[in-house]
Amino acid sequence: MNEVNRPPYFTKPQEYVGNNQRKTLLLDMDETLVYCYLGRPKFFGASSEDFYSFRLDDEPEVEYCAFKRPGVDRFLQRCAEYYDLCILTAGDELYAKTLLRWLTPSIPESRWYCRDFCAQDANGIRYKDLSSLPGPPFDPRNTLLLDDSAPGIVVPATNGLSIPRFAPQAGRSDEENYERMRRDSALDTFGNMLCKAKFTSCSDVRTPIREFYEYMENWTRQNIA
């Protein structure tokens, strides 16, 4: 996409169009938007825009190989029309920012929240407290986090929307996992859902999030029974 025509992923308040308040959509990084291998898998193609390899200054012997989730660019472009997009990841800052400069260059770096913005419980388990992030005061009616680990690691849990994990399956070869992962369509599905009026025009995002979980629970019960 031409840079001139690329939609902004964060809109300043004075640039809002109309009277509808834009909502904030926080996005997890690893296993939501991308999967990062330690070492080079057999299928990895350095020439493809869906793959990216890099090394970090503090561990130059390790090669990271990132596999972009199918549909991620389209998802970001669509959601940017309705939401202010941010990243909230438990990844280390150097690792996360190196990856995000390739994955989400149009989301301002000031809206990349890395491990230091995550909290820890008494057992050392990290969780994402949305009310602790910098910027405007947290508004639970207009803020949601899309995360493969939601709602369990999200505070408040009512603002976490779960997406299927994007990752290889244990016991399968690199080639088998690649064939499965390249057909992943979750971001298209969630993009369609998040860009409909049920989310974009609602007075409180917690309502469609709750209805999503109720639907999934009913669907699971009916299909397992």
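Here the structure is a predicted model, which is why all the values come from computation and not from measurement.

## A word on a negative patch on the surface
No. 1: Side chains of D57, D58, E61, D92 and D116 sit close together on the surface and give a patch of like negative charge.
No. 2: Position of D116 among the secondary structure elements: in the loop between β6 (112-113) and β7 (119-120).
No. 3: Among the residues examined, D116 registers a relative accessible area of 68% and is labelled exposed.

## Describing the pairing of strand β8 (residues 126-129)
Residues in a regular strand project their side chains so that they alternate between the two faces of the sheet.
No. 1: Of the strand pairs in this sheet, β7 and β8 are connected by two bridges, and their pairing is antiparallel. Looking at β8, one finds that A119 is bridged to Y127.
No. 2: Connecting β7 to the antiparallel partner β8 that follows it, the hairpin turn spans five residues, and G124 within it adopts a positive phi of roughly 80°.
No. 3: Sheet topology places β8 next to strand β10 (residues 154-155); two bridges connect them, and they run parallel. Of the residues in β10, the one forming a bridge with D129 is V155.

## A short note on the sheet that holds strand β11 (residues 160-162)
No. 1: Spatially, β6-β5-β1-β9-β11 is the arrangement adopted by the five strands of the open sheet, whose pairing is parallel. Across the chains shown, the open sheet's two edge strands, defined by having one partner strand only, are β6 and β11.
No. 2: Most of the contacts of helix α4 (residues 186-194) go to β11, to which it runs at about 140°, and overall it touches β1 (23-27), β5 (83-88), β9 (143-147) and β11.

## Some details on helix α2 (residues 93-103)
No. 1: Burial runs high along α2: eight of the 11 residues are buried.
No. 2: Considered for burial, the residues of α2 that qualify are Y95, A96, K97, T98, L99, L100, W102 and L103.
No. 3: Residues of α2 that are buried in the fold lie against β2 (34-38), β3 (51-56), β4 (59-68), α1 (72-79), β5 and β6.

## Things to note about the nonpolar core
No. 1: L25, M29, F75 and L144 are the most contacted members of the largest nonpolar core, which totals 41 residues.
No. 2: Filtering out sequence-adjacent residues up to four positions away, F75 remains in contact with L25, L27, L146, L187, F190, G191 and L194.
No. 3: Y37, F51, C65 and M181 belong to the second-largest nonpolar core, a separate cluster that totals 10 residues.

## Remarks on the sheet that holds β4
No. 1: Spatial strand order, β2-β4-β3: three strands in an open sheet with antiparallel pairing. The strands lining the two open edges of the sheet, one partner per strand, are β2 and β3. Between one strand and the next, the sheet's axes are offset by a mean angle of 25°, whatever the strand orientation.
No. 2: When β3 meets β4, the two strands line up antiparallel, connected through five bridges. By the bridge assignment, Y52 is partnered in β4 with A66.
No. 3: Along the sheet, α2 makes contact with β2, β3 and β4, crossing β3 at roughly 150°.

Parameters at a glance
Residues numbered from 1 in each chain as written. Predicted model: local features only at pLDDT ≥ 70, side-chain atom pairs only at ≥ 80, totals over all residues. Heavy atoms only, no water. Patch = residues over 30% accessible without salt bridge, like charges linked within 9 Å, V, L, I, M, F, W, Y side chains within 5 Å. Areas by Shrake-Rupley, 256 points an atom, 1.4 Å probe, with all protein chains shown as cover. Salt bridge = Lys/Arg side-chain N within 4 Å of Asp/Glu carboxyl O. Lys, Arg positive; Asp, Glu negative; His and termini not counted. Charge placed at Lys NZ, Arg CZ, Asp CG, Glu CD. Helix = DSSP H or I, 4+ residues; strand = E, 2+ residues; numbered from the N terminus. Buried < 20%, exposed > 50% of the residue type's maximum accessible area, 1.4 Å probe, protein only. Pairing = 2+ DSSP bridges. Contact = heavy atoms within 4.5 Å. Axes fitted to C-alpha atoms, helices over the stretch in contact; angles between N-to-C directions. Core = buried A, V, L, I, M, F, W, Y, C linked by side-chain atoms within 4.5 Å.

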